[in-house]
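Chain residues, written in single-letter form:
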Amino acid sequence: MQRYLAQKLTIYILTFFLAVTIDWIIPRFMPGNPVQTMLSRAALRAEAVEVMRGYYLRAFGLDVPVWQQYLNFWKAVFHGDLGVSVYLFPKPVIRVIAEAIPYTLAILVPAIVLSWIAGNKFGAFAARRRWLDNTVLPLGYFLTATPYMWLGILLAWGFGVGLGWFPIAGGYSFAMTPHLSWKFVLDLLWHWFLPFVSLFLVMFGGWAIGMRNMIIYELEADYVQYLESLGAPRKLIRRYAFRNAVLPQITGLALQIGTIAAGAVVTETVFSYPGIGKLLVEAIQNQDYFLIQGCFLFIIIGVLLANLIVDIAYLIVDPRTRRGMVGEI
Amino acid sequence: MRGKWWVVLGLLVLGVGVALGQEFPRQETLYISGAAWGPPTDWNPFITWSKANTSGTVGLIYEPLFFYDPLKDTLIPWLAEYGQWKTDQLFEVKLREGLTWQDGKPLTAADVVFTFELGKKYSTIYYSPMWDYLASVVNVGDYYVEFSFKRKPLYQEFVNNLYNIAIVPKHIWETRTEEEITSGANANPIGSGSYKYFAHGPDRNVYIRNEEWWGIKLLGLKPAPKYIVEIRFATNNLALGALLKGEIDLSNNFLPGIATLAKLGYVKTYLPEPPYMLSANTAVLFLNTTKKPLNDPAFRKALAYAINVDAIIERAFAGLVAKASPTALLPHLAKYVDDELVAQLGFTYDPAKAKAILAVAGYKDIDGDGLVEAPDGSKIYLEVTCPFGWTDWMEAIRVISESAQAAGINVVHRYPDYGAWNTALVTGTFDMTLNNWASLSNTPWTVYNLLFNHPIRDVMGSGNFGRYNNPEVFALVDELAATPPWDAEGVKAVCAKIQEILLTDLPMIPLWYNGLWAQYVEFTWTNFPGAYGGRPHWLPCTWAGYWQMGGFHTLCELKPAQ
């Protein structure tokens, strides 16, 4: 078991290092120069522009050779310093991200956990029930095939513009400032609902279908037929089948987390929900190297952490992994 | 027992929360949008490029010595009671007596001196180039400030700075380091203005009226809204929806469908008929004069005749903008336009004439594809660009390429990303591109400084992107900058010479005036500005730099709807 964990950890560290490096390089391949872009927003006399360009290239550490910028970047990361945002100058990237992260986690974590649990339950329930299989599961296929953005737009249009039940943009009302009161908390929830639901629905469809197929597969297995021939109650059989079927679903969750994070990016953009995803899109549009790096760093850490949690969960759920790794089989 | 404590604690927290919590009463709040392109990050009046995101920093929180009214082309004394040129190298400002900062301390001449001297101390302050010609700024007592000059100053720039440089309190800023001053966030700003910072979020700024503002007594002015909430919408559609529902009162976003809505009476605009909007800046087609065949004045002239500006106005702007004067000057500076010259040399859309000019200059269609080749027989291929996502400009350059093609000139449109477009612009690798970076101002020098920025450098960051190299016109722009403001005839004479070169050589082509986008609904507030029906005459604009050009006065004219 320790070997299993050590192996996984090595892979994660390596992945982290490579992913962060790639995310450091890619923005620098973009044509253009963030300092120039920033300065061009202030109509200045040429003399002033020249002085300021030099000053800010130094301030952002962009006046040294690229390899040195890269080394400085890692040095700074280990000191917990992600630099200063260009787009949101002079705000430190770490503070920009700290303000956005609660919003992203608030829609992402409940959507992942709830859709996985509900999807699995529903899929298992629907399998081998003809009327459900014929009516609701096609809907599941439809949901899981829907791009996050498209569903988001449909929901915003239907419930936001059409029915007017929910707001279509923002994290909270324009008439409020953040504070602790029921009114504000309700307002937050009211704005949170549609982005959450659009992530939830797409994932729910996927898990439900996966589970339904797994259950059907498991119900054909030898052990089920053996149990059936022994006259075991149907409820018991389905419980065994469910426990076996859930294992690939856990693996699926680990594989899906990256895609889900990408889904959160577009969902936040559609609802202009003030999380990391929206921030990332704005950072890219404004060529803000430091903010892009920072956002990706958190997305990478988040995805790897989630994977680690899934790996550990797998250890707990599937005894074979534990035994297999200590060489008893 | 323990359970009870939790309940008590919970109620306490809730009670405090409710007490601190804030919801703005609709009747006392003005909702606006259209200034910000990003989240608010600083309230530092010396960081100029981010001021759009906290546009009230200068004008509402901090104030300059003067305000400026473009509609009347006059300076409005503000912190200053008056300003006068004692000699042509000595300018005296008399401050009003009884000015106060928002923390209650008096605002005196020492604060003004301190603010201007920051530019001498730190080269990264945007107005430090002023000190090339400024000898000293000293206060005489508490109310008089004397600006003396080493030589004849750049009067036009100096006057422009008088209503743009925000005066900051010495007692707060003098202990700050250079870094804090030039790039600090300056959270919780203390200014002298009519509004105070109240709150902000990623998509909003909130200002609250300063009930102790000096102007209530000294100017007899009081802005109507107690709160101003400025909102940044992710897309213009959201802004339009919110405006029509009355969730915002004043929108300064570009909303293409407004002409129709204004005609039907759903929204109000400054002008009752097309183009509905006042003009804010001139959209100019810059031509890269270092590239063939754009280095040929005859070819450039043909291009100017080939572009169908009316089609741009119709297709890209749905009639919301007006055709620009070929001299590039905005309507409020029309007195500096040499009308005779324009009648003689001005260009209009005339494809036949474009073809004739091309033929005379030796551009002929040799291979029979309907497009002309250069006199040396080489094929012509030119790209016209604008940043991707700027939908109105994207449509505009589509019209440009189409009408150029129709006249036989092979121009195609391309939409690079903003970063790539910007790099090509300042390093001079583009062929033809649109730009409008000269803001509305008190002087024709602003736009001519954009068109003929000099000297030519590797990176042309603030104008003359096409690298038009003509020492004669550079000298004229310098002369214009140094022409005193009281010499209107002198300004006009220099402008005429510049216009003659502009119109003969056409190193760039002025096309249309981008609008001062402003549309309002009057569910909550009425008496917005307008050129009709007894409405007040001010620029109804909340963009950065416009609060002191009419935006603030708009607030003073508003009346509650009930």
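For clarity, every value in this text was computed on a predicted model and none was experimentally measured.

Peer 1: Account for the overall build of chain B, with residues named and values stated.
Peer 2: Counting its regular elements, chain B contains 18 helices and 21 strands. Against the globule reference of 24 Å for 562 residues, chain B gives a C-alpha radius of gyration of 26 Å, in line with a compact fold. Projected onto its principal axes, the C-alpha coordinates of chain B cover approximately 95 × 60 × 50 Å. For chain B, the residues scored as buried account for 52% of the 562 residues in total.

Peer 1: Tell me about the packing of helix α10 (residues 234-270) of chain A against helix α12 (residues 289-317) of chain A, residues and numbers included.
Peer 2: Residue and element names in this part refer to chain A. Running from N to C, α10 and α12 point in directions that differ by 175 degrees, and their axes come no closer than 10 Å. If you check the angle between α10 and α12, you find them roughly antiparallel. Here Leu247, Ile250, Leu253, Ala254, Ile257, Gly258 and Ala261 of α10 lie close against α12, whose contacting residues are Ile299, Gly302, Val303, Ala306, Asn307, Val310, Asp311, Ala313, Tyr314 and Val317. Class assignment for the residues of the contact of α10 with α12 results in 13 nonpolar, three polar and one charged.

Peer 1: Got a sec to walk through the interface of chain B and chain A? Specific residues and values, please.
Peer 2: Listed as interface residues are 46 residues of chain B and, on the opposing side, 40 residues of chain A. Looking at the side of chain B that touches chain A, the elements that each hand over two or more residues are α1 (2-20), β1 (22-23), β10 (204-209), β11 (227-231) and α14 (418-427) of chain B. At six residues, the largest contribution of residues to the side of chain B that touches chain A is made by α14 of chain B. In terms of residue class, the side of chain B that touches chain A is built from 23 nonpolar, 19 polar and four charged.

Peer 1: Break down the confidence of the model for chain B for me, citing the residues and quoting the values.
Peer 2: Residue and element names in this part refer to chain B. Within chain B, residue pLDDT values average 92, and 96% of them lie at 70 or more. Confidence drops under pLDDT 50 across residues 11-21; counting only partners more than four residues distant or on other chains, this segment forms 10 contacts. Model confidence for the complex: the whole-complex pTM is 0.83, and ipTM, which rates the interface, is 0.70.

Peer 1: Before we move on, can you summarise the pairing of strand β3 (residues 66-69) of chain B with the specific residues and values?
Peer 2: Residues and elements named next belong to chain B. With four bridges joining them, β3 and strand β4 (residues 74-77) adopt antiparallel strand pairing. In the sheet register, phenylalanine 66 faces β4, and the bridge partner there is proline 77. The antiparallel hairpin formed by β3 and β4 contains four residues in its connecting segment, where aspartate 73 sits at a positive phi of about 50 degrees.

Peer 1: Any chance you could break down the nonpolar core for me, citing the residues and the numbers?
Peer 2: Burial of nonpolar side chains together is a common tendency in soluble globular proteins. Ranked by size, the top nonpolar core spans 256 residues in total, and within it Cys295 of chain A together with Leu480, Leu511 and Trp512 of chain B carry the most contacts. Looking at which element gives the most residues to this core, the answer is helix α8 (residues 182-219) of chain A, with 14 residues. Discounting residues that sit within four places of it in the chain, leucine 511 of chain B has contacts with Ala283, Val284, Leu285, Ile307, Val309, Ile312 and Ala324 of chain B.

Peer 1: Quick rundown of the packing of helix α7 (residues 148-162) of chain A against α8 of chain A? Include the residues and the values.
Peer 2: Residue and element names in this part refer to chain A. Relative orientation of the contacting elements α7 and α8 amounts to 135 degrees, with a least axis distance of 9 Å. Considering the angle they form, α7 stands oblique to α8. Pair α7 / α8 crosses with right-handed handedness. Here Tyr148, Leu151, Gly152, Leu155, Ala156, Phe159 and Gly160 of α7 lie close against α8, whose contacting residues are Leu194, Val197, Ser198, Leu199, Leu201 and Val202.

Peer 1: Which residues make up the pairing of strand β2 (residues 29-33) of chain B, and what values do they have?
Peer 2: Residue and element names in this part refer to chain B. Judged by how many residues are buried, β2 sits mostly within the fold: five of five residues are covered. Pairing geometry for β2 and β11, over five bridges, is parallel. Note that in β11 the partner of leucine 30 across the bridge is isoleucine 228. Pairing of β2 with strand β12 (residues 250-251) involves two bridges; the strand directions are parallel. From the neighbouring strand, isoleucine 32 faces β12, where its bridge partner is leucine 250.

Peer 1: Could you give an account of the sheet that holds strand β19 (residues 519-520) of chain B, with specific residues and numbers?
Peer 2: Residues and elements named next belong to chain B. Sheet architecture is open: six strands sit in the order β9-β10-β11-β2-β12-β19, paired in mixed fashion. Of all the strands in the sheet, the pair left with one neighbour each is β9 (195-201) and β19. The pairing of β10 with β11 spans five bridges and is classified as antiparallel. Bridge assignment links valine 206 to a residue of β11, and that residue is valine 229.

Peer 1: Got a sec to walk through helix α13 (residues 391-406) of chain B? Specific residues and values, please.
Peer 2: All names here are of chain B. Given a rise of 1.5 Å per residue, 16 residues ought to cover 22 Å, and the 23 Å separating the end C-alpha atoms of α13 matches this to within 8%. Turning to α13, its buried residues are Trp393, Ala396, Ile397, Val399, Ile400, Ser401, Ser403 and Ala404. Buried residues belonging to α13 abut α9 (297-306), α10 (309-317), β15 (382-385), β16 (411-414) and β17 (432-435). Positive backbone phi, at 95 degrees, marks glycine 408, one or two positions downstream of α13.

Peer 1: Let's hear about unusual backbone geometry: which residues, and what values?
Peer 2: Phi is mostly negative for residues that are not glycine, and the peptide bonds are mostly trans. Of note, the bond from phenylalanine 89 of chain A into proline 90 of chain A is cis; its omega dihedral lies within 30 degrees of zero at 0 degrees. Looking at the element boundaries, proline 90 of chain A is found in the loop between α4 (66-78) and α5 (93-126). The omega angle of the peptide bond from proline 274 of chain B to proline 275 of chain B is 5 degrees, so this bond is cis rather than trans. Tracing the sequence through the fold places proline 275 of chain B in the loop between α8 (258-263) and β13 (278-287). Here arginine 467 of chain B, not a glycine, exhibits a phi torsion of approximately 55 degrees, which is positive. Its location among the elements puts arginine 467 of chain B in the loop between α15 (445-451) and α16 (471-481).

Peer 1: Which residues make up the sheet that holds strand β6 (residues 90-95) of chain B, and what values do they have?
Peer 2: Residue and element names in this part refer to chain B. Taken in spatial order, the four strands of this open sheet run β5-β6-β8-β7, and their pairing is antiparallel. At either margin of the open sheet sits one strand with a lone partner, and together these are β5 (80-87) and β7 (134-140). Averaged over all pairs of adjacent strands, the angle between strand axes in this sheet comes to 15 degrees, irrespective of strand direction. As paired strands, β7 and strand β8 (residues 144-149) are joined by six bridges and run antiparallel to one another. The residue bridging valine 137 from the neighbouring strand is phenylalanine 147, located in β8. This element, helix α2 (residues 109-121), spans β6, β7 and β8 of the sheet and lies at about 160 degrees to β7.

Peer 1: Kindly report on the environment of aspartate 458 of chain B, identifying the contributing residues and their values.
Peer 2: Counting through the fold element by element, aspartate 458 of chain B comes out in the loop between α15 and α16. Residue aspartate 458 of chain B is classed as exposed on the basis of its C-beta count, with 7 C-beta atoms lying within 10 Å.

Here is what the cut-offs are and how they apply
Residues numbered from 1 in each chain as written. Chains lettered and ligands numbered in written order. Predicted model: local features only at pLDDT ≥ 70, side-chain atom pairs only at ≥ 80, totals over all residues. Helix = DSSP H or I, 4+ residues; strand = E, 2+ residues; numbered from the N terminus. Rg over C-alpha atoms; globule rule 2.2 N^0.38 Å. Buried ≥ 20, exposed ≤ 12 C-beta atoms within 10 Å, placed from the backbone. Axes fitted to C-alpha atoms, helices over the stretch in contact; angles between N-to-C directions. Parallel < 35°, antiparallel > 145°, perpendicular 65-115°, else oblique. Contact = placed C-beta atoms within 7 Å. Nonpolar A, V, L, I, M, F, W, Y, C, P; charged D, E, K, R; others polar. pLDDT = per-residue confidence, 0-100. Pairing = 2+ DSSP bridges. Core = buried A, V, L, I, M, F, W, Y, C linked by C-beta atoms within 7 Å. Left-handed = near helix turned anticlockwise from the far one by under 90°. Expected span 1.5 Å × (residues − 1).

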